[in-house]
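Results of the structural survey
Residues per chain are reported as follows:
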Amino acid sequence: MQIEKKYEQWKAITESDFVTLFIKTWFTYIAVLRELNPSVSVFTKEGLPRGDKPFLNAFKEGIMPIVQKNLDIDSAAQELFRMYSISMKKIMNVFPQYFFQTFFRVNESFHYSDESMEKNSEGKIKERYKADIQIVGRYHLKMYLGISGCFRSTNYNENIKHEIDLRCMIESTVSKHRVFNQAINETQFLRDFYDGVLSEIDDFLRMYMNETLPQKKYNQTISSKIKEACLRLHSALRMKFEYNYKYNHEVGILDDPNSYVIIFQLPFYQFGRLDHVYKTYEGYYSQLIATKGIDWFAGYVYALRNALFHEIISPLDEEWQVIFKSAYLTLKQITDICISYAAKIIDFPEMRENAVFNYADKHQERIFSDLADSVELLSFSKMSLKEWKIEHGQIMITGWFSVKLKLQMGTAKDYAAGNGIIEEQDKSFDFSVTLNDDFSIAFDNKMQTDLITIKLQGT
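Conventions we followed
- Residue positions within a chain follow its written sequence, with the count starting from 1.
- The predicted origin of the model limits local features to residues at a pLDDT of at least 70 and limits the giving and counting of side-chain atom pairs to 80 or more, whereas totals for whole chains, interfaces and linings rest on all residues.
- Only hydrogens and water are set aside; all other atoms, that is, all heavy atoms of the structure, feed into the side-chain values.
- All axes here are fitted lines through C-alpha atoms, helices being fitted over the stretch that makes contact, and every angle between N-to-C directions spans 0 to 180 degrees.
- Helix and strand assignments follow DSSP, with helices taken as H or I runs no shorter than four residues and strands as E runs no shorter than two, numbered in order from the N terminus.
- By definition in this entry, angles of less than 35 degrees are roughly parallel, angles greater than 145 are roughly antiparallel, angles of 65 to 115 are roughly perpendicular, and the rest are oblique.
- Should the near helix be turned counterclockwise from the far one by less than a right angle, the crossing is left-handed, whereas a clockwise turn marks it as right-handed.
- Any pair of residues with heavy atoms lying within 4.5 Å of one another is described as a contacting pair.
- Gly counts as polar in this scheme, as do all residues outside two lists: the nonpolar Ala, Val, Leu, Ile, Met, Phe, Trp, Tyr, Cys and Pro, and the charged Asp, Glu, Lys and Arg.
- We call Phe, Tyr and Trp rings a pair once their centres come within 6.5 Å, taking the six-membered ring for Trp, and we label the pair stacked below 30 degrees between planes, edge-to-face above 60, and tilted otherwise.
- Per-residue accessibility, obtained with a 1.4 Å probe over protein chains only, is compared with the maximum for each type, and a residue is labelled buried under 20%, exposed over 50%, and partly exposed between these values.
- Definition used: whenever NZ (Lys) or CZ (Arg) falls within 6 Å of the ring centre and also within 35 degrees of the ring normal, the charge is taken to sit over that ring.
- Under the convention used throughout, the expected extent of a helix is 1.5 Å for every residue step, that is, one less than its residue count.
- Two N or O atoms form a polar contact when they lie within 3.5 Å of each other; inside protein one atom must be a possible hydrogen donor and the other a possible acceptor, and for residues adjacent in sequence the pair counts only when both atoms belong to side chains.
- The pairing criterion for strands is at least two bridges between them, as found by DSSP.

1. Regarding the packing of helix α10 (residues 282-310) against helix α11 (residues 318-347)
Running from amino to carboxyl end, α10 crosses α11 at an angle of 125°, the nearest separation of the two axes being 11 Å. Relative to α11, the element α10 is oriented oblique. Where α10 crosses over α11, the two elements pack in a sense that is left-handed. Taking contact as the criterion, the partners of Ile-294, Phe-297, Tyr-300, Val-301, Leu-304 and Leu-308 in α10 are, on α11, Trp-320, Ile-323, Phe-324, Ala-327, Thr-330, Leu-331 and Ile-334. Of the residues belonging to the contact of α10 with α11, the class tally is twelve nonpolar, one polar and no charged.

Take a look at the structure:
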């Protein structure tokens, strides 16, 4: 890239700084994830480094719901919009082998079915139609079309089966868009994929109607019924697949997505064009971006890290600069939230009003009553954490704390007679607690109890 004017040169250098900032923020991100997940091993049993992936998995399984709740969604949304379409184009041009897995997924739950049956006046089956298409073995689309019935005295029963390897469809669609499109049109990509699937089904059904069906020697009426059933399936699928080209807010209530989505876009449909309608439907899409958008970004940012560490990328390339600038700004927000929570966990024992102390103070009789006939809590002395982990947005902490108690053995009458004992003692208690993201004690709705246990050490 040749830049003539000096101010443009300085601008290019300034923008390239975001690549460096991304790298620095990435290491900060991994460092704080290690702090938040001390139980995740850095090395294998053989002493080999496990890399960053275990900590990224821990992020998704642990603190990600907290991040999604606390993130400035409007700011994150704008950065994701800014980088998404350029990322599609850049990944397609530089890393086409990773394009599909970065922006799309096969929907292994896809299952289209349609069945109808008509009976005659005697209650016997006159015509029966059954179509069933589903994903088998991750990449194979298995089709079944059953057509049966009775016309006059002739019975017919056709079981039409076909299987499509979706990997061929995916590869041909990616190749087509890499060659012919300067910018990736996500809607056209989906159309080309589904048109390919329909074309494969259409070719197979036409071959069946033109070559296999005549060999059955059915009369013209039965043959026509079977052909109509084949055309019915093709037409129904074409109508179903149209849902794939709409915005999420347009199809949310139309039908079960698993009945028409063979591949789905990440983080969700029409994301590259979403900035045009985001403000109009902000309430709807802000929640999707906070959940699916950040979930996708958490995986994509790892791909960017790999691109930097394992491939040669020019920091002066304007498109990479846009991608890494937006990635840095979003990752910085996520990292800052993680750092904030790591600090809160570490500082938890020093908080004089923390949830464990407050709970023990509120439930003195239940926790301390077994120690003497009368117990008075004088003060909390110390708290120490043993371990912690975050799962699905809840913080689980185990540790111990010590308290100063006034213990009275015997009643007031015994004490007046010189037989009672009153003394101050330091006691230590182990605790295990599950905290919400605001560091309040979580509540188990099923068991109707606070998720905390406190017991005297040694018992």
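2. A closer look at the packing of aromatic side chains
Going through the model one piece at a time under the given rule, you end up with 38 aromatic pairs. Measuring from centroid to centroid gives 5.8 Å for Phe-401 and Phe-429, while their planes differ by 20°, and the two rings are stacked. Highlighted residues: Phe-401 in strand β8 (residues 394-409) and Phe-429 in strand β9 (residues 421-435), separated in sequence by 28 residues. For Phe-401, a relative accessible area of 0% translates into the label buried. Directly above the ring of Tyr-129 sits Arg-232, whose terminal nitrogen or CZ lies 3.7 Å from the centroid. Taking NZ or CZ as reference, Lys-344 lies 4.7 Å from the ring centre of Tyr-341, over its face.

3. With respect to helix α7 (residues 186-212)
The end-to-end C-alpha distance of α7 is 38 Å, a good match for the 39 Å that 27 residues give at a rise of 1.5 Å each. Residue Asn-185 occupies the N-cap position of α7, its side-chain oxygen lying 3.1 Å from the main-chain nitrogen of Thr-187.

4. Overview of the pairing of strand β3 (residues 125-136)
The pairing of strand β2 (residues 111-119) with β3 spans nine bridges and is classified as antiparallel. By the bridge assignment, Ser-116 is partnered in β3 with Tyr-129. The antiparallel hairpin formed by β2 and β3 contains five residues in its connecting segment, where Gly-123 sits at a positive phi of about 85°. Two elements, β3 and strand β4 (residues 140-151), share ten bridges in a ladder whose sense is antiparallel. Following the sheet pairing, Tyr-129 is matched in β4 by Ile-147. Between β3 and the antiparallel strand that follows it, β4, lie three residues; Gly-137 among them carries a positive phi value of about 65°.

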